[in-house]
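A closer look at the structure
What follows is each chain in one-letter form.
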Amino acid sequence: MAYLSHRLGELRMIRYGIALFVAGLLVGFAEPTPAFTAASVATASIGYAVFSVNGLVALWSLAPNNRVLGAYTGLYTVASASGMALDPALLGATVDLTGWRYMFLNAAVFGAVTFAVFTVVARRAERPLATAS
């Protein structure tokens with residue numbers, strides 16, 4: 001994973017990781033058998049690992065200088081902890097509304113929103129900064 005991240009770039013690997021996470025969840029929703037559920041969870045876990053391993057490294061790369069690196073790391077930590085606390089509650093609420101059969105689909109929707117937000121942020125980060133003349 002580290003080799004691919006170095007070769008392809010952290011931002012691209014994060015995008016691939018989120019996509020793999022969503023794809024794994026959709027497989028679990030499409031075929032809710034024990035074998036497919038196990039394969040779905042394994043695939044989604046690999047996607048999440050790719051995302052999480054590269055997330056902080058990519059954030060460090062986005063920091064404009066070393067003086068704000070601590071602020072970026074702190075914001076990442078707060079966002080990550082908030083997500084770890086709120087996401088299970090939100091997913092649980094959707095399960096209460098739609099039932100267990102749709103849990104993987106509900107999680108895939110949350111993952112797709114994450115993918116869309118990350119894509120917007122990553123495109124802004126990849127764009128060169130305009131310099132004032």
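Residues numbered from 1 in each chain as written. Predicted model: local features only at pLDDT ≥ 70, side-chain atom pairs only at ≥ 80, totals over all residues. Heavy atoms only, no water.

Moving on, we get to the environment of Ala122. With respect to the helices, strands and loops of the structure, Ala122 is situated in helix H5 (residues 103-126). The class for Ala122 is buried, based on a relative accessible area of 1%. Along the sequence, Ala122 and Leu11 sit 111 residues apart, while their C-alpha atoms lie 6.7 Å from each other. Not counting the four nearest positions on each side in its chain, Ala122 is found in contact with Leu11 and Arg15. (Helix = DSSP H or I, 4+ residues; strand = E, 2+ residues; numbered from the N terminus. Buried < 20%, exposed > 50% of the residue type's maximum accessible area, 1.4 Å probe, protein only. Contact = heavy atoms within 4.5 Å.)

Here we take up the packing of helix H3 (residues 34-62) against helix H4 (residues 69-98). It is at 9 Å that the axes of H3 and H4 come closest, and there the two elements cross at 150 degrees. Looking at the two axes, H3 sits roughly antiparallel to H4. For H3 against H4, the interelement crossing comes out right-handed. For the pair H3 and H4, the contacting residues are Ser52, Gly55, Leu56, Leu59, Trp60 and Leu62 in the first and Leu69, Tyr72, Thr73 and Tyr76 in the second. Looking at the contact of H3 with H4 residue by residue, the classes come out as seven nonpolar, three polar and no charged. (Axes fitted to C-alpha atoms, helices over the stretch in contact; angles between N-to-C directions. Parallel < 35°, antiparallel > 145°, perpendicular 65-115°, else oblique. Left-handed = near helix turned anticlockwise from the far one by under 90°. Nonpolar A, V, L, I, M, F, W, Y, C, P; charged D, E, K, R; others polar.)

Attention shifts here to helix H2 (residues 10-30). Between its terminal C-alpha atoms H2 stretches 30 Å, which fits the 30 Å expected from 21 residues at 1.5 Å a residue. Within the span of H2, buried status applies to Leu11, Met13, Ile14, Arg15, Gly17, Ile18, Val22, Gly24, Leu25, Gly28 and Phe29. (Expected span 1.5 Å × (residues − 1).)

Turning our eyes to something else, we now look at the confidence of the model for the protein chain. Here the protein chain averages 89 in pLDDT, while 94% of its residues score no lower than 70. Across the protein chain, the secondary-structure element scoring lowest on mean pLDDT is helix H1 (residues 2-8), at 83, and the one scoring highest is H2, at 95. (pLDDT = per-residue confidence, 0-100.)

Core analysis: the largest hydrophobic core is formed by 14 residues, its most contacted members being Leu11, Ile14, Ile18, Leu25 and Phe118. Sorting the residues of this core by element identifies H2, H3 and H5 as the ones contributing at least two each. When residues of this core are assigned to their parent elements, the largest contribution, six residues, is made by H2. Setting aside its immediate chain neighbours within four residues, Phe118 contacts Leu11, Ile14, Arg15 and Ile18. (Core = buried A, V, L, I, M, F, W, Y, C linked by side-chain atoms within 4.5 Å.)

In this structure, Trp100 sits in the loop between H4 and H5. Each C-alpha atom, one on Trp100 and one on Gly74, is 35 Å from the other, the two residues being 26 residues apart in sequence.

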